[in-house]
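Structure assessment
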Amino acid sequence: MLQQAFNGLVGGAFYALLALGLSVIFGMLGVVNFAHGAFYMLGAFTSYVLLDSHGVNFWVALVVVPLALGVVGIVLERLFIRRLTPLDPLYNFLFTFGLALILQDLVKREYGVQSQPYPRPSALSGSIDLGLFTYPAYQVFVLGVSVLVCLVVWFVLARTRVGMVVRAATERPELTRALGIDVGRWVTPVFGFGIALAGLAGVLAAPMRAVNPLMGSDLIIVVFAVVVIGGLGSLFGSVAAGFAIGLVSALGNYYVPALSQTLVFILMAAVLLWRPAGLFGREEAL
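To start, this report covers the structure provided alongside it. (Residues numbered from 1 in each chain as written. Predicted model: local features only at pLDDT ≥ 70, side-chain atom pairs only at ≥ 80, totals over all residues. Heavy atoms only, no water.)

**Examining the overall build of the protein**
Across its full length, the protein carries eleven helices and two strands. Counting helices and strands in the order they occur from the N terminus, the protein gives α-α-α-α-β-β-α-α-α-α-α-α-α. Taken over C-alpha atoms, the radius of gyration comes to 19 Å for the protein, in line with the 19 Å a tight globule of 286 residues would show. Within the protein, the proportion of its 286 residues that are buried is 49%. Considering only contacts within the protein whose residues lie at least 6 apart along the sequence, 78% involve residues at least 24 apart. Surface accessibility of the protein: about 13900 Å² in total, with carbon and sulfur atoms responsible for 67%. (Helix = DSSP H or I, 4+ residues; strand = E, 2+ residues; numbered from the N terminus. Rg over C-alpha atoms; globule rule 2.2 N^0.38 Å. Buried < 20%, exposed > 50% of the residue type's maximum accessible area, 1.4 Å probe, protein only. Contact = heavy atoms within 4.5 Å. Areas by Shrake-Rupley, 256 points an atom, 1.4 Å probe, with all protein chains shown as cover.)

Below, the structure written as structure tokens:
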């Protein structure tokens, strides 16, 4: 059971990173970014291309790829998202949905639908003795990086002036504007930051999961459920729900495999019946 729980925490690490980026973007822009899964896929595929064509190793990709995708997110926000934000939210939803399909098809056209191999870094190829069981070193590394990133983001948001402004603009944008803070100037970097988190999750996933153009399409549905369970616009709720859903999925897959594909959505329905705003959300977020 402990090993399955650890599997769940590792799976939840990806949910937490993706949900954190989605929650930041939704909280500040009110945009349901359906292309988030596509950028997760691009993070993994870009790492593969850099290694296969240019010999760029995992450690360099872990830094370069999220930064590059963050810049792409900034450009997208400036050119498209910003123009559609004043309109009905459905426009940005349709735009990001279409963008996800375009990115997937471009990758499929170039590389096909077969999964591409990505080797684990040699420094993390072994196993670590955790006392009661041994566990692959790379999975432990993924969990550690995810927790570290979440803690760093929490520290920046909770302990710095910039973080205070971003947190206020994310969770209470209208009230923040009423206090005289220009929320618009923070929108572009925050959108880029959310995309960079998706890219980081993709790079971390490349040595663990099949690198293929559809790897983000199924995952993003679960991540949306995670964000809803945690509470729309709640950063802490997104991270907490990400790890919790990872645990529930792993234990459910082990004990009740017949419900493994639907357990997350059953839990989401139960949470929404109890708290329509999510576990840590506010009614205003709806």
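Structure shown, so let's carry the discussion forward.
**A closer look at helix H11 (residues 263–274)**
Taking 1.5 Å as the rise per residue, H11 with twelve residues should run 16 Å; its terminal C-alpha atoms sit 17 Å apart, in good agreement. Residues of H11 that are buried include every one of Leu263, Val264, Met268 and Val271, and no others. Each buried residue of H11 sits inside an arc of 140 degrees when the element is viewed along its axis, so together they form one side. The elements touched by buried residues of H11 are helix H9 (215–230) and helix H10 (235–255). (Expected span 1.5 Å × (residues − 1). Arc of directions from axis to C-beta.)

**Side note on the packing of aromatic side chains**
Per the counting criterion, the structure on display carries 18 aromatic pairs. Ring geometry for Phe58 versus Trp59: centroids 5.2 Å apart, planes at 75 degrees, classification edge-to-face. Put simply, the rings of Phe34, Phe93, Phe97 and Phe224 touch in pairs and so form one group of aromatic residues. (Phe/Tyr/Trp six-rings, centres within 6.5 Å; stacked < 30°, edge-to-face > 60°.)

**Details of the layout of surface pockets**
Taken as a whole, the second largest pocket spans an internal volume of roughly 510 Å³. At the level of elements, helix H1 (2–29), H9, H10 and H11 are the ones that each hand at least two residues to the lining of the second largest pocket. Of the residues forming the lining of the second largest pocket, the biggest block, six residues, is contributed by H1. The class makeup of the residues in the lining of the second largest pocket is ten nonpolar, eleven polar and two charged. (1 Å grid on protein atoms, 1.4 Å probe; cavity = no way out; pocket = protein on both sides within 12 Å on 5 of 7 lines; lining within 4 Å. Points joined across faces, edges and corners; volume = space filled by probe spheres on them. Nonpolar A, V, L, I, M, F, W, Y, C, P; charged D, E, K, R; others polar.)

**As for a nonpolar patch on the surface**
A surface patch of nonpolar side chains, amounting to about 630 Å² of accessible area, comprises Met1, Tyr254, Tyr255, Val256, Leu259 and Ile266. With respect to the helices and strands, Tyr255 occurs in helix H10. For Tyr255, a relative accessible area of 48% translates into the label partly exposed. (Patch = residues over 30% accessible without salt bridge, like charges linked within 9 Å, V, L, I, M, F, W, Y side chains within 5 Å. Salt bridge = Lys/Arg side-chain N within 4 Å of Asp/Glu carboxyl O.)

**Re the nonpolar core**
The biggest cluster of nonpolar side chains holds 87 residues, and the ones touching the most others in it are Met28, Phe39, Phe58, Phe141, Leu204 and Val223. Looking at this core element by element, the count peaks at 15 residues for H1. Among all residues touching Phe141, those that are not within four sequence positions of it are Phe58, Trp59, Leu62, Leu124 and Leu204. (Core = buried A, V, L, I, M, F, W, Y, C linked by side-chain atoms within 4.5 Å.)

**Some words on the packing of H1 against H9**
Look at H1 against H9: their axes get within 9 Å of each other, and the N-to-C directions meet at 70 degrees. When the interaxial angle is binned, H1 and H9 end up roughly perpendicular. H1 and H9 meet at a crossing whose hand is right-handed. Between H1 and H9, the residues in contact are Tyr15, Leu18, Ala19 and Leu22 and Leu219, Ile220, Val222, Val223, Phe224, Val226 and Val227, respectively. (Axes fitted to C-alpha atoms, helices over the stretch in contact; angles between N-to-C directions. Parallel < 35°, antiparallel > 145°, perpendicular 65-115°, else oblique. Left-handed = near helix turned anticlockwise from the far one by under 90°.)

**Looking at the pattern of salt bridges**
Counted according to the given criterion, the structure contains two salt bridges. The residue Arg82 makes a salt bridge to Glu77 at a minimum N-O spacing of 3.5 Å. Its relative accessible area of 34% is what places Arg82 among the partly exposed residues. The class of Glu77 is buried, set by a relative accessible area of 1%.

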